[in-house]
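In case you want the letters, here they are:
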Amino acid sequence: MPIHDQGYRRYTGRRIPPGRGWWVIARAGVIERVRERRFLALMLLAWSPFIVRSLQIYASTSIAQLAFLAPGPDTFREFLDQQSPFLFFITIYAGSGLIASDRRANALQVYLSKPLTRVQYVLGKLLALAAFLLAASWLPAMALLALQVIFAGSPDFIRDNPSLVPAITLFCAVEVLATSLAMLALSSLSTSRRFVAVIYAGAVIFAAAVYQVLRGITGTTAWAWVSPENVFDALAIAIFRAPANPPLSATAAITVVVLIAATSIFILDRRVRALDAVT
Amino acid sequence: MTGPAFATALGEAGSVVTITNVSVRYGPRLALEDVSAALPPGAVGLLGPNGAGKSTLIKALLGFIALERGELRMLGLDVRHAPLEIRRRVGYMPETDAHIPGMTAVAFVAYCGELAGLPRADAMQRAHEVLYYVGLGEARYRKVETYSTGMKQRIKLAQALVHDPDLLLLDEPTNGMDPKGRDEMVALIRDIAHERGLNLIVSSHLLPDIDETCDHVLVLSRGRVATQGPIAGLKGHGQRVFEVRVKGDTGRFAAALQQVGLDCHDTDEDVMRVLMPEGRGSRELFEVAAQQGVQVRHLRASVPTLEDVFVDAVGTQ
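So, here is what we can say about the structure in this document. Predicted model only: the values in this text are computed from it and were never measured.

Here we come to the pattern of salt bridges. Residues and elements named next belong to chain B. Tallied over the full model, the rule gives 26 salt bridges over all chains. Arg154 serves as the salt-bridge partner of Glu184, at 2.3 Å between the closest nitrogen and oxygen. With a gap of 30 residues between them, Glu184 in helix 7 (residues 179-194) and Arg154 in helix 6 (residues 149-161) connect regions that are remote in the sequence. For Glu184, a relative accessible area of 22% corresponds to the partly exposed category. Where Glu284 meets Arg280, a salt bridge forms, and the shortest distance between an N and an O atom there is 2.7 Å. Take Glu284: its relative accessible area is 21%, and that puts it in the partly exposed class.

In structure tokens:
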């Protein structure tokens, strides 16, 4: 029997106007990761500091002798700092293949032959990674804040620290956006997710090592900007108005973040094209 | 008739694609040079040797490539001003392997349907239907990475069809397929064009593919339009074809024929096909043979084929 006897019907149903392709891509990206047990285990691990902090908050509000454990505004900055290693691994796991795998399978020409702009494609991929990073940083931080209110039995803590919610949100947004953009840009430079993972991990670790060496040689923190860890530390201290000594000024940290974002966008603009197929 | 005159004569209202003085440049090289054509509804073949500009034209139609000059209109829409609306109404089957990694066939096709604007449930239903239509019904829960070359060609067709486009762009659709798979793909393309009423543009360097599936042809050569029109009309364009077998120096004989303005090309069966323009006769063949000292052992009038049209337009390059 000829195969076309299976029939082909014209589609007469509803069509959604162009513009929501980014949402389809983001949702598919999240679902693909959530189906992997190893990734779920990593996400659960990323919530382990939350459990410890929850116990700390519970103990401080329930046992008078342990009131000294009560959280302050800086507790949340420290918590977000503690989450950094988890964000590092989540970024590598969920982000390295986002564009690299598409490039390996020539999927860009499939995506861009649909009613989808390059910006929507990148936005979809960005959200697929940012969703997990926010789920491991902003979400547990806000959940901790909610637990503090619940265990204390009053919203006094939030009332006394009105800048805490915006600070957590702003810091997480900046950190997640810069990290996601940088990873997407790296991912667009290769067709191998392993290679991207190695380069990202190497860049972060190497930058920290370079800073330590330069600090040892010069005896100053003038080179702190070369390490993303220092940049985000400085940003957190500025945003949370923490009484700590930042490794570099807030202005320098903001400049580095803007440079990372701008460079990433420039790379993405150059690399996310359907033209690879043209011969 | 070629060039802008043809485009104007057919008129935009009667064409699916109108190409007006289009030039595309890759660095110093002009990939398309002042191309004008009007592609009518139905199945249109885009024919030309490798590097003729077929894929470039398709990519320009999809808005992937900026035009250096000219205007492209598809389904009445300007490619520069309404690329998303055009892509919503067009299905594209790329030449190279292309899929979304890690997905099963049905998930991949449904995903493409959603990206093209179908609601999620409809996209999934259409994915199943289209996969059956292209002959992948039994393999639809397998990951695309595990597919053979022929199956990958079919899945590319399925993702291009899932949103029921008004126009399908097929870039080398039988690439890498075995003879049986190639026949089935050609049958599918013919069915889509002639039974289901979709408009098609089929790009191929394989003459039989175009001959068996298309009604019209646009022949490109070195980035320019070599000829265009209905295939039936071009085949019978006032010229006759003779099959000739000679004893002697065939190369010298062929060169002598070219010198007197007679195009000829070899076939697989050691027979030359000589294109004889209107008003000229077989006597000239014998005269040339006599001049070159070769003996005509076989001469038979034949029916012009698409290959003859192609050779006439492009030459034997």
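Residues and elements named next belong to chain A. Across its 15 residues, helix 8 (residues 138-152) extends 21 Å between first and last C-alpha, which sits within 8% of the 21 Å expected from 1.5 Å per residue. Every buried residue of helix 8 is listed here: Pro140, Ala141, Met142, Leu144, Leu145, Leu147 and Gln148. Looking at the buried side of helix 8, the elements it contacts are helix 3 (48-62), helix 4 (73-95), helix 7 (118-135), helix 9 (156-160) and helix 10 (164-188). Among the residues trailing helix 8, Gly153 stands out with phi positive, at a value near 75 degrees.

Volume-wise, the largest pocket comes out at about 1000 Å³. When residues of the lining of the largest pocket are traced back to their parent elements, those giving at least two are helix 1 (21-34), helix 4, helix 5 (100-104) and helix 7 of chain A together with helix 4 (105-115) and helix 5 (120-133) of chain B. The biggest single contributor to the lining of the largest pocket is helix 1 of chain A, with eight residues. When grouped by side-chain class, the residues that make up the lining of the largest pocket number 18 nonpolar, five polar and 14 charged. Counted as a void, the second largest pocket has a volume near 820 Å³. Broken down by secondary-structure element, the contributors of at least two residues to the lining of the second largest pocket are helix 4, helix 10, helix 11 (193-218), helix 12 (228-239) and helix 13 (250-271) of chain A. Element by element, the count of residues in the lining of the second largest pocket is highest for helix 4 of chain A, at eight residues. Grouping the amino acids of the lining of the second largest pocket by side-chain chemistry returns 21 nonpolar, six polar and five charged.

What follows concerns the interface of chain A and chain B. The partner chain B presents 50 residues to the 41 residues of chain A that form the contact. Counting the surface lost from both chain A and chain B, the interface buries some 4200 Å², and carbon and sulfur atoms represent 57% of this. Where chain A meets chain B, there are four salt bridges. In this structure, the salt-bridge partner of B:Glu129 is A:Arg9, at a minimum N-O distance of 2.3 Å.

Packed helices, taken two at a time, are described by their axes: the angle between them and the distance between them. Residues and elements named next belong to chain B. Running from N to C, helix 6 and helix 7 cross one another at 15 degrees; their axes reach a closest spacing of 11 Å. The angle between helix 6 and helix 7 falls in the class roughly parallel. The handedness of the crossing between helix 6 and helix 7 is left-handed. In contact with Gln153, Arg154, Leu157 and Leu161 of helix 6, helix 7 contributes Gly181, Glu184, Met185, Leu188 and Ile192.

This part covers a positive patch on the surface. Together, A:Arg38, A:Arg104, A:Arg193 and A:Arg194 make up a positively charged patch on the protein surface. Within the fold, A:Arg38 resides in helix 2 (residues 37-46).

Moving on: helix 12 of chain A. All names here are of chain A. Taking 1.5 Å per residue, 12 residues should reach 16 Å; helix 12 reaches 16 Å between its end C-alpha atoms and fits that length. Taken together, the buried positions of helix 12 are Asn230, Val231, Phe232, Ala234, Leu235, Ala236, Ile237 and Ile239. Buried residues in helix 12 make contact with helix 4, helix 10, helix 11 and helix 13. Downstream of helix 12 by one or two residues, Arg241 has phi in the positive range, about 50 degrees.

Another point: the sheet that holds strand 13 (residues 272-276) of chain B. Residues and elements named next belong to chain B. Spatially, four strands are ordered 12-13-11-14 in an open sheet, and the strand pairing comes out antiparallel. On the outer flanks of this sheet lie strand 12 (264-266) and strand 14 (295-302), each paired with one strand and no other. For this sheet the average axis-to-axis angle between neighbouring strands, irrespective of direction, equals 25 degrees. As judged from the five bridges shared by strand 11 (residues 240-247) and strand 13, these two strands associate in the antiparallel manner. Its bridge partner lying in strand 13, Glu243 is registered against Arg273. Packing against the sheet, helix 11 (residues 283-292) makes contact with strand 11, strand 13 and strand 14, and its axis sits at approximately 160 degrees to strand 14.

This part covers the packing of helix 10 of chain A against helix 13 of chain A. Residues and elements named next belong to chain A. For the pair helix 10 and helix 13, the least separation of the axes is 8 Å and the interaxial angle reads 35 degrees. Relative to helix 13, helix 10 is oriented so that their crossing is left-handed. Along the contact surface, helix 10 presents Val174, Ala178, Leu181, Ala182, Leu184, Ala185 and Ser188, while helix 13 presents Val257, Ile260, Ala261, Ser264, Ile265, Ile267, Leu268 and Arg271. Of the residues contributing to the contact of helix 10 with helix 13, the split by class is 12 nonpolar, two polar and one charged.

Criteria and cut-off values
Residues numbered from 1 in each chain as written. Chains lettered and ligands numbered in written order. Predicted model: local features only at pLDDT ≥ 70, side-chain atom pairs only at ≥ 80, totals over all residues. Heavy atoms only, no water. Salt bridge = Lys/Arg side-chain N within 4 Å of Asp/Glu carboxyl O. Helix = DSSP H or I, 4+ residues; strand = E, 2+ residues; numbered from the N terminus. Buried < 20%, exposed > 50% of the residue type's maximum accessible area, 1.4 Å probe, protein only. Expected span 1.5 Å × (residues − 1). Contact = heavy atoms within 4.5 Å. 1 Å grid on protein atoms, 1.4 Å probe; cavity = no way out; pocket = protein on both sides within 12 Å on 5 of 7 lines; lining within 4 Å. Points joined across faces, edges and corners; volume = space filled by probe spheres on them. Nonpolar A, V, L, I, M, F, W, Y, C, P; charged D, E, K, R; others polar. Buried area = accessible area lost by both parts, 1.4 Å probe. Axes fitted to C-alpha atoms, helices over the stretch in contact; angles between N-to-C directions. Parallel < 35°, antiparallel > 145°, perpendicular 65-115°, else oblique. Left-handed = near helix turned anticlockwise from the far one by under 90°. Patch = residues over 30% accessible without salt bridge, like charges linked within 9 Å, V, L, I, M, F, W, Y side chains within 5 Å. Areas by Shrake-Rupley, 256 points an atom, 1.4 Å probe, with all protein chains shown as cover. Lys, Arg positive; Asp, Glu negative; His and termini not counted. Charge placed at Lys NZ, Arg CZ, Asp CG, Glu CD. Pairing = 2+ DSSP bridges.

Remember that the coordinates give geometry; whether it matters functionally is a separate question.
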